[in-house]
Amino acid sequence: MEQIKVNSPKLFVCTAIENKDEIEERYEKAYINFQSLVADCSEKEAHDALNNAVCKNHEDISLGMLMSILTEPQNSTKCYRDLTLITRDGFTCVLNNLSNLILERYLKFQDTTRNQLLWLVKEMIRNSVSGVDSVCWNLMRYASGGDITPKNIFLVESLLDIYIDNKSWLDKYPVLICMVVYTYLRLIEDHNVPHLMTLRLKEVNFVISLIREHFDEILSLGRDLVRLLQNVARIPEFNQLWQDILLNPKTLSPTFTNVLQLLQTRTSRRYLQSRLTPDMERKLVFLTSQVRFGHHKKYQEWFQRQYLATPESQSLRSDMIRFIVGVIHPTNELLCSDIIPRWAVIGWLLTTCTSNVAASNAKLALFYDWLFYDPEKDNIMNIEPAILVMHHSMRSHPAVTATLLDFLCRIIPNFYPSFSDKVRQGIFNSLQQIIEKRVLPNLQPLFDSPKLDRELRTTVRDTFKEFCSNGEGVSGLREEGIEDLPRGGPDEPAFSDDEDETTPIIAEDTDDDDLPLSEVRARERPELAAALPSALRPFAETLLDERTAAAATALLNACTPPMPTPIALADLFAAVLQDLPPLKISANPTPSELDLTLSSPIFSMFELLFANSNDSKRKLILETFKEIHAQNSVPSVGFSLLLYLKICYEKDRRAERDPAKKRNVKFKMDIYKTYCSNLELKIVECLVNDFEKCQECDSNILVWLISDVYREFKDQVQNHIKLLHIIVSTIDAGQLQRLVCLTLQGNLMMFKTDDFTTMLTTSLNWETFEQYCLWQLLTAHEISVEDVLPIIPKLSYREHAEALTSVLLMLKQEKPTQEVVRQMFCRTVDDEDTFVVSTVMYWCQDYEEKVADLLAVLLSTRYPGTSPNKRKRPGKHTIPPNAPPSAESVLGHLEQIRICCVDQDDMSIFKTECLQKALQHSQSNSNDNLKRQYMQLFSLAWEDELPMLRRARKMASNSMPLSQNLHSSNEDSEEEEIVKPKQAKRRKKAISDSD
């Protein structure tokens, strides 16, 4: 048993640092279980053992045998035969797990596993196993466009050979035929290189035969079939096919009238999705559903390196744009959030394209649904990204807008001259729909922008004059030419019902995005009302119509036994609140503005929570909030409650005229604590979640709440890293100033000294402005320099410039101390890092002898033995010899200071008595390497002259002598009288400071 485990084969390629994941462990466990049953058994014994085991655990035995087939070529034939004998479900379990394995882990398969997978597919096709077509579908998704690497070409050619060898089997699956045609039409475009011409010829002949033999099924591919056929039209075989499509359509199918029939059929999303690998799809879905705008650059750079780095991969941009346009349809909530929008991703794909041909194809992919757009059949989400790319690029990338507008004008007469009027009608329908649905309120600023050159503006005005005159849509255009457009063609296939992978933002063909908002509400309303007691249904109808706080209050007041369920009430309020505009206030809201804010229905629920202490209605409201939180249907509940409590607090304060009583008005934080407790969450977790949602909704509300939250929940929120990051990533310069003012007034305290270093270290990864805000707030709170000392050695002058600059300015306000100097000299010595030099040189202007004294102590204590200084310092002033920094580090920083002093032609700090002795002591205790390395620094120790210090010179220059013609010996004696007492006094002061 142990031997089997050790020799267990590997499905996946894993690095030494990767742990086994759940899938790999499951297959390995199943394989070991299978091997334990058949090891050292005859065929009959093994067969009997497997039959007995499969009755108890069919799936595990099947998975164990599947892994054996995929990893052991020498046993695969026998194992597959045994699997066919013992299977109880016609391979359903094996096929389902195989499809999941392909979708989740194909890219990590060993080469042996990939080869065996293709072998298994061939065997299943040969044996006519039901359901193997879904495995072929999923496997074809990894036959990627824009990739001519050997591994990808091997998969492409292997699948092609399987289909050619099993043509009679393929003919039974019309949907798979469409997938094969769509996939290989796309791949043929990339195989136009000498070493792939044999493969390309085989692909062309096979695809042509499929199209001609199954043209009725192929018609369901719709307009994107035409787009792919255009890309390969120069190949002679496809040129002949084009001649038949355009001139002899009936030879292909009796039901086929002309190419317009294809162009007016929208391509099913399943085919647009199929041209991206599952891995690419997951990354793009993540980018458009999770990444915030402004934080997207690093993700795009990674994506570019991973998938778009080669010249061949340029053609992949069209596939990605078609996927984003036709498959990713964000919800209204996502559209209103700060998640990176589709137009921004498409704009990035366009601007980073380096091939003219690929760029032209990418523009066509973007506008393709515009050309024959029919509002009755097509979805506005398919045309929205293109208009928004042009609109938003006008400000920062006007060249992008110009090239897209130029493309849109030129494509009308050039796409297919015989259908130029149809193309014009489709584009006009698109623009009309854009205005009607308020995607843009007016097209004139876009079409007549001064940023466009004169010739292009003239072309745009001539082409779209109806939209340039008054900014309104075209009336009567649709009736003018739409009747002659053919309505024939098969219904568009539905999005795959048996897809294993679904993501919430990928729209179904039957989703509500295609319906008017009124119809969606009409569908919701009967279900919402029916879930409530009959007495409440009229109130619910009124609330759904009016969506006001008064209607919500009437409904809640009418709640009497039998009470509505929390789920029914949560669904009702979610439907009411989801289409309301987000809560917003001004920077300094007036009482009347706050009263208007309270008109939202959500505040009626808070009012009952505020007023009722221990009755069933309060419990109902709390349970409703819990259900809303579980559904995540109204993310604004938490911060809306905080806003409500803040408004009530301000009202109570305004109502009190007595200053003493006004100070005693309490912020009713117990209500929020009850809300958090009911959700079974810690207060700080709720606050972080609510501030995140508030950040997405309105920064003014967030800033308005900060002082009260930090006052009432100070134990939970002070120094809380995530909450602090939310704040500094949200506020602007004006809001930062407001927080600083609140701090100076004593109304805001955001920090405490506990765990201060952790907070500062974490902040080093924040954006520049976020760190700037943090340090401004720290300065306002008068954080002491001792609190930031531990991070000084960790700060990199390259990567942490924001923090290092702030610490430098903080030290500028401080007097030098031994601990500060020690932490500074713990920094890595780097010629380009001037932090230590700048600080020391600034201090030397006023505290030169004290700085020299501190440096002498630091240097002399780096060596064993007693300090050379005759005067004994108190214990606090002496640093243990083994404490950082090292002697070499101190010498390195002193060398930088020496170079700076040479540049300034002022070496006085090195000629102080204490530093002279420290350098002599250091030299005598240093090894030969250090002596050679810091030869120039040690040479200063032999200077005998002790010149006037900077401070003394400054004082002397301010006090002019009575006579300018004094004898030189008198000057020398006068200098002695000035300098020496000052030196003694400074040393004494430095000790007390460090004490």
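In case you missed it, the structure is sitting above this.
Residues numbered from 1 in each chain as written. Predicted model: local features only at pLDDT ≥ 70, side-chain atom pairs only at ≥ 80, totals over all residues. Heavy atoms only, no water.

Undergrad: Tell me about the overall build of the chain, and name the residues and values.
TA: Per the secondary structure count, the chain includes 57 helices and 0 strands. Going through the 995 residues of the chain one by one, you find that 52% of them count as buried. Taking as baseline every contact in the chain between residues at least 6 positions apart, the subset at least 24 positions apart corresponds to 74%. (Helix = DSSP H or I, 4+ residues; strand = E, 2+ residues; numbered from the N terminus. Buried < 20%, exposed > 50% of the residue type's maximum accessible area, 1.4 Å probe, protein only. Contact = heavy atoms within 4.5 Å.)

Undergrad: Account for the pattern of salt bridges, with residues named and values stated.
TA: As enumerated under the stated definition, the model contains 41 salt bridges in all. With its nearest N and O atoms 2.4 Å apart, the salt bridge here joins Asp708 to Lys646. In this pair, Asp708 sits in helix α42 (residues 699-712) while Lys646 sits in helix α38 (residues 637-655), placing the two residues 62 residues apart along the sequence. The residues Asp708 and Lys646 share a single accessibility class, namely buried. Overlapping salt bridges bring together Arg223, Asp224, Arg227, Arg322, Asp369 and Asp378 as one network. (Salt bridge = Lys/Arg side-chain N within 4 Å of Asp/Glu carboxyl O.)

Undergrad: Run through the environment of Glu888, naming residues and quoting values.
TA: Structurally, Glu888 can be placed in helix α52 (residues 887-904). Overall, the relative accessible area of 44% leaves Glu888 in the partly exposed class. Between the C-alpha atom of Glu888 and that of Arg862, which follows or precedes it by 26 residues, the distance is 8.9 Å. For Glu888, the residues in contact, after removing those within four places along its chain, are Leu930, Gln933 and Tyr934.

Undergrad: Which residues make up helix α45 (residues 733-744), and what are the values?
TA: Between its first and last C-alpha atoms α45 spans 17 Å; for 12 residues at 1.5 Å apiece the expected length is 16 Å, and the two agree. Inspection of α45 places Gln735, Leu736, Leu739, Val740, Leu742 and Thr743 among the buried residues, and these make up the whole buried set. Viewed end-on, α45 has its buried residues packed into an arc of 160 degrees, placing them on one side of the element. Seen from the buried face of α45, the exposed residues on the opposite side, beyond 90 degrees, are Ala733, Gln737 and Leu744. Tucked into the core, α45 has its buried residues touching α42, α44 (721-728) and α47 (768-780). Sitting at the head of α45, Asp732 places a side-chain oxygen 3.2 Å from the backbone nitrogen of Gly734. Looking one or two residues beyond α45, the residue adopting positive phi is Gly746, at roughly 85 degrees. (Expected span 1.5 Å × (residues − 1). Arc of directions from axis to C-beta. Polar contact = N/O pair within 3.5 Å; in protein donor to acceptor, adjacent residues only side chain to side chain.)

Undergrad: How would you sum up the packing of aromatic side chains? Please name residues and give values.
TA: Scanning the model with the defined rule gives 32 aromatic pairs in all. Between Phe293 and Trp343, the aromatic rings sit 6.1 Å apart at their centres with planes inclined by 50 degrees, giving tilted as the arrangement. Residue Phe293 is found in the loop between α18 (278-289) and α19 (297-307), and its partner Trp343 is found in helix α22 (residues 342-351); the two are separated by 50 residues along the sequence. Residue Phe293 is classed as partly exposed on the basis of its relative accessible area of 42%. Note on Phe303 and Trp348: the rings are 6.0 Å apart at their centroids and 75 degrees apart in plane angle, and the pair reads as edge-to-face. Taken together, the positions of Phe303 in helix α19 and Trp348 in helix α22 put the pair 45 residues apart, joining distant regions of the chain. The residues Phe303 and Trp348 share a single accessibility class, namely buried. Note that Arg270 overlies the ring of Trp137, its terminal NZ or CZ placed 4.5 Å from the centroid. Residue placement shows Lys646 over the ring face of Trp704; its charged tip is 4.9 Å from the ring centre. (Phe/Tyr/Trp six-rings, centres within 6.5 Å; stacked < 30°, edge-to-face > 60°. Lys NZ or Arg CZ within 6 Å of the ring centre and 35° of its normal.)

Undergrad: So what's going on with the nonpolar core? Which residues, and what values?
TA: Ranked by size, the top nonpolar core spans 167 residues in total, and within it Phe238, Trp370 and Phe464 carry the most contacts. At 11 residues, the largest contribution of residues to this core is made by helix α11 (residues 174-188). Discounting residues that sit within four places of it in the chain, Phe238 has contacts with Leu185, Ile188, Val204, Val207, Ile208, Ile211, Leu229, Val232 and Ala233. Counting 145 residues, the second largest nonpolar core, distinct from the first, contains Leu736, Leu739, Val785 and Phe835. (Core = buried A, V, L, I, M, F, W, Y, C linked by side-chain atoms within 4.5 Å.)

Undergrad: Can you lay out the packing of helix α25 (residues 398-414) against helix α28 (residues 454-463) for me, pointing to particular residues and giving the numbers?
TA: Packing of α25 against α28 brings their axes to within 10 Å, and their N-to-C directions diverge by 45 degrees. Classified by the angle their axes make, α25 and α28 are oblique. Where α25 crosses over α28, the two elements pack in a sense that is left-handed. Of the residues in α28, those in contact with Ala402, Leu405, Asp406, Cys409 and Ile412 of α25 are Leu456, Thr459, Val460 and Thr463. Partitioned by chemical class, the residues of the contact of α25 with α28 number 6 nonpolar, 2 polar and 1 charged. (Axes fitted to C-alpha atoms, helices over the stretch in contact; angles between N-to-C directions. Parallel < 35°, antiparallel > 145°, perpendicular 65-115°, else oblique. Left-handed = near helix turned anticlockwise from the far one by under 90°. Nonpolar A, V, L, I, M, F, W, Y, C, P; charged D, E, K, R; others polar.)

Undergrad: Describe helix α34 (residues 566-577), and please don't skip the residues or the numbers.
TA: Between the first and last C-alpha of α34 there are 16 Å, a value that for 12 residues agrees with the 16 Å anticipated at 1.5 Å per step. The element α34 is extensively covered by neighbouring structure, given that 9 of its 12 residues are classed as buried. Looking at α34, one finds that the buried residues are Ala568, Leu569, Ala570, Leu572, Phe573, Ala574, Ala575, Val576 and Leu577.

Undergrad: Requested: an account of the environment of Val129, with residues and values cited.
TA: The topology assignment puts Val129 in the loop between α7 (111-126) and α8 (132-140). Looking at Val129, the relative accessible area reads 7%, which means it is buried. Measuring from C-alpha to C-alpha, the distance between Val129 and Leu95 comes to 9.5 Å, with 34 residues separating the pair along the chain. For Val129, the contacting residues outside a window of four places in its chain are Tyr80, Gly90, Phe91, Leu95 and Met124.

Undergrad: Kindly report on unusual backbone geometry, identifying the contributing residues and their values.
TA: Put simply, Pro561 and Pro562 share a cis peptide bond, and its omega is 0 degrees. One can find Pro562 in the loop between α33 (549-557) and α34. Located in the positive-phi region is Glu680, a residue other than glycine, with phi close to 60 degrees. Within the secondary structure, Glu680 sits in the loop between α40 (669-678) and α41 (683-697). By relative accessible area, Glu680 is classed as exposed at 65%.

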